[in-house]
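The chain contents come next:
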Amino acid sequence: MSTEPEIPRGGCTLTPIGRIHSCFTEKFGIPRQPGLVSEARATLEILPPFDRREMFKGLDRFSHIWVHFIFHEILAEGWKHTIRPPWLGGRTRVGVFASRSPHRPNFLGQSVVRLLALRFENGKILLDLGGIDLLDQTPVVDIKPYLPYSDRIAEATSGYAMSMPAPVAVLFSEEVIAFGVSYQREQGRDILRLIGQILQQDPRPASQKEAGRDFGMKLWDVNVRWQARENDFFVLSCRRLMVG
Ligand code: SAM
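Residues numbered from 1 in each chain as written. Predicted model: local features only at pLDDT ≥ 70, side-chain atom pairs only at ≥ 80, totals over all residues. Heavy atoms only, no water.

## Some remarks on the overall build of the chain
Now for step 1: For the chain, the helix and strand inventory stands at three helices and 12 strands.
Now for step 2: Principal axes of the C-alpha set define a box for the chain whose edges measure 50 × 45 × 40 Å.
Now for step 3: For the chain, with 244 residues in total, the buried portion stands at 39%.
Now for step 4: Of the contacts made within the chain by residues no fewer than 6 positions apart, 70% connect residues no fewer than 24 positions apart.
Now for step 5: Summed over its atoms, the accessible surface of the chain is roughly 14200 Å², and 52% of this surface lies on carbon and sulfur atoms.
Now for step 6: Across the chain, the 31 positively charged side chains and the 27 negatively charged ones have centroids separated by 2 Å. (Helix = DSSP H or I, 4+ residues; strand = E, 2+ residues; numbered from the N terminus. Buried < 20%, exposed > 50% of the residue type's maximum accessible area, 1.4 Å probe, protein only. Contact = heavy atoms within 4.5 Å. Areas by Shrake-Rupley, 256 points an atom, 1.4 Å probe, with all protein chains shown as cover. Lys, Arg positive; Asp, Glu negative; His and termini not counted. Charge placed at Lys NZ, Arg CZ, Asp CG, Glu CD.)

Below is the structure:
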């Protein structure tokens, strides 16, 4: 991958206001945009000196918020002038500013996510978020309320990213269903629903679309293996990872 030259810095420094604790502990499997996988959850932990209650007064009256963040896992790879979006089958290039790619100058991302709860616990300020597309440990640099009266634009057009492809059918082995039921009982996390919603979106890269391939992804502390078949995806196994 070619890395672009360093950008002259304009003297503006961003300080993270918080850090994401997400179900996505690796990049593969993360939805391509927010709101596509409602079961995708994260907690945003606010960091000092921004962990002051008055800074959040009134926020819990909004159902959704904008989260502005740094694509921190891309920093080492660098940015690009042009991108091959998955929407175009990974073959056609568009300008980086005509894309939502992480490989961009300044590495800034933005997502509208559901604000499930605002919690003040043991001296910490925690925001529970749903429908996220964020990697675990993502640094967050700002949040703002989503304003439907102005942010929702009914007549907007969207270039090459027109409408979602049809969802893929997802089937689970009996072993995976048994795992999911006991994991939910123990952890309170509906992992079967999460896996189903992620795979429906077909997370495979454009270059790996042939049937018969096995894939793996990590969700929380679980390694999930699944197979892409001709007409569906079959979830083969779920295994707890040793943490710590
Ligand atoms: N909604 C955001 C936006 O438009 O700025 C992100 C869109 S980007 C196409 C979404 C992808 O970014 C995810 O599928 C994941 O692969 C990647 N991603 C998410 N968090 C990241 C992070 N902290 N560092 C690097 N890549 C990340």
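From this point on, the discussion continues.
## Description of the nonpolar core
Now for step 1: The biggest cluster of nonpolar side chains holds 54 residues, and the ones touching the most others in it are Leu-127, Leu-129 and Ile-143.
Now for step 2: Per-element accounting of this core gives the leading share, six residues, to helix 3 (residues 191-200).
Now for step 3: When residues of this core are assigned to domains, at least three fall in each of domain 1 (18-151) and domain 2 (169-240).
Now for step 4: Beyond its immediate chain neighbours, meaning those up to four positions away, Ile-143 contacts Ile-17, Leu-44, Phe-56, Leu-59, Ile-65, Trp-66, Val-67 and Leu-127. (Core = buried A, V, L, I, M, F, W, Y, C linked by side-chain atoms within 4.5 Å. Domains from an automatic or database assignment.)

## Here's the deal with the site of the ligand
Now for step 1: The environment of the ligand is formed by 21 residues, the closest being Pro-31, His-72, Arg-100, Asp-133 and Thr-138.
Now for step 2: Take Leu-135: an N or O atom from its main chain is 3.2 Å from a nitrogen atom of the ligand.
Now for step 3: A distance of 2.8 Å is found between a nitrogen atom of the ligand and a side-chain nitrogen or oxygen belonging to Thr-138.
Now for step 4: Burial of the ligand by the protein amounts to 91% of the accessible area it has alone, namely 590 Å².
Now for step 5: Element by element, the count of residues in the shell around the ligand is highest for strand 6 (residues 108-121), at three residues. (Near = heavy atom within 4 Å. Polar contact = N/O pair within 3.5 Å; in protein donor to acceptor, adjacent residues only side chain to side chain.)

## Here we look at the pattern of salt bridges
Oppositely charged side chains may form a pair once their charged atoms are brought near each other.
Now for step 1: Taken as a whole and judged by the stated rule, the model has 14 salt bridges.
Now for step 2: One salt bridge in this structure joins Arg-229 and Asp-232, with 2.8 Å as the shortest N-O distance.
Now for step 3: Note on Arg-229: relative accessible area 33%, which makes it partly exposed.
Now for step 4: Connected through salt bridges with shared partners, the residues Glu-39, Arg-41 and Arg-193 form a single ionic network. (Salt bridge = Lys/Arg side-chain N within 4 Å of Asp/Glu carboxyl O.)

## Thoughts on the domain arrangement of the chain
Now for step 1: If you check the domain split of the chain, you get domain 1 (18-151) and domain 2 (169-240).
Now for step 2: Taken residue by residue, the interface counts 15 residues in domain 1 and 18 residues in domain 2.
Now for step 3: Carbon and sulfur atoms supply 57% of the area buried between domain 1 and domain 2, which totals about 1400 Å² over both sides.
Now for step 4: On the domain 1 side of the interface with domain 2, the three residues burying the most area are Cys-23, Phe-28 and Glu-39, jointly 40% of the side's total.
Now for step 5: Here domain 1 is connected to domain 2 by 10 residue pairs in polar contact (both at pLDDT 80 or more). (Buried area = accessible area lost by both parts, 1.4 Å probe.)

## A few points about the sheet that holds strand 12 (residues 232-240)
Now for step 1: The strand order across the open sheet built from four strands is 9-12-11-10, with neighbouring strands paired in mixed fashion. With one partner strand each, in any of the chains shown, strand 9 (169-172) and strand 10 (214-219) form the two edges of the open sheet. Put simply, the sheet's adjacent strands are angled 30° from each other on average, direction ignored.
Now for step 2: Where strand 9 and strand 12 come together, four bridges link them in parallel fashion. Bridge pairing in strand 12 links Phe-172 to Val-235.
Now for step 3: Packed onto the sheet, helix 2 (residues 174-187) meets strand 9, strand 11 (222-228) and strand 12 and runs at close to 50° relative to strand 12.
Now for step 4: On top of the sheet, helix 3 reaches strand 9, strand 10, strand 11 and strand 12; it is set at about 130° to strand 10, its chief contact. (Pairing = 2+ DSSP bridges. Axes fitted to C-alpha atoms, helices over the stretch in contact; angles between N-to-C directions.)

## Some thoughts on the pairing of strand 10
Regular strands have side chains that alternate between both faces of the sheet.
Now for step 1: Of the two faces of strand 10, the one lined by Phe-215, Met-217 and Leu-219 is fully buried and the one lined by Asp-214, Gly-216 and Lys-218 carries no buried residue.
Now for step 2: Across six bridges, strand 10 lies against strand 11 in antiparallel orientation. Bridge pairing in strand 11 links Phe-215 to Trp-226.
Now for step 3: The antiparallel pairing of strand 10 with strand 11 creates a hairpin that spans two residues between the two strands, and Trp-220 there sits at a positive phi of about 50°.

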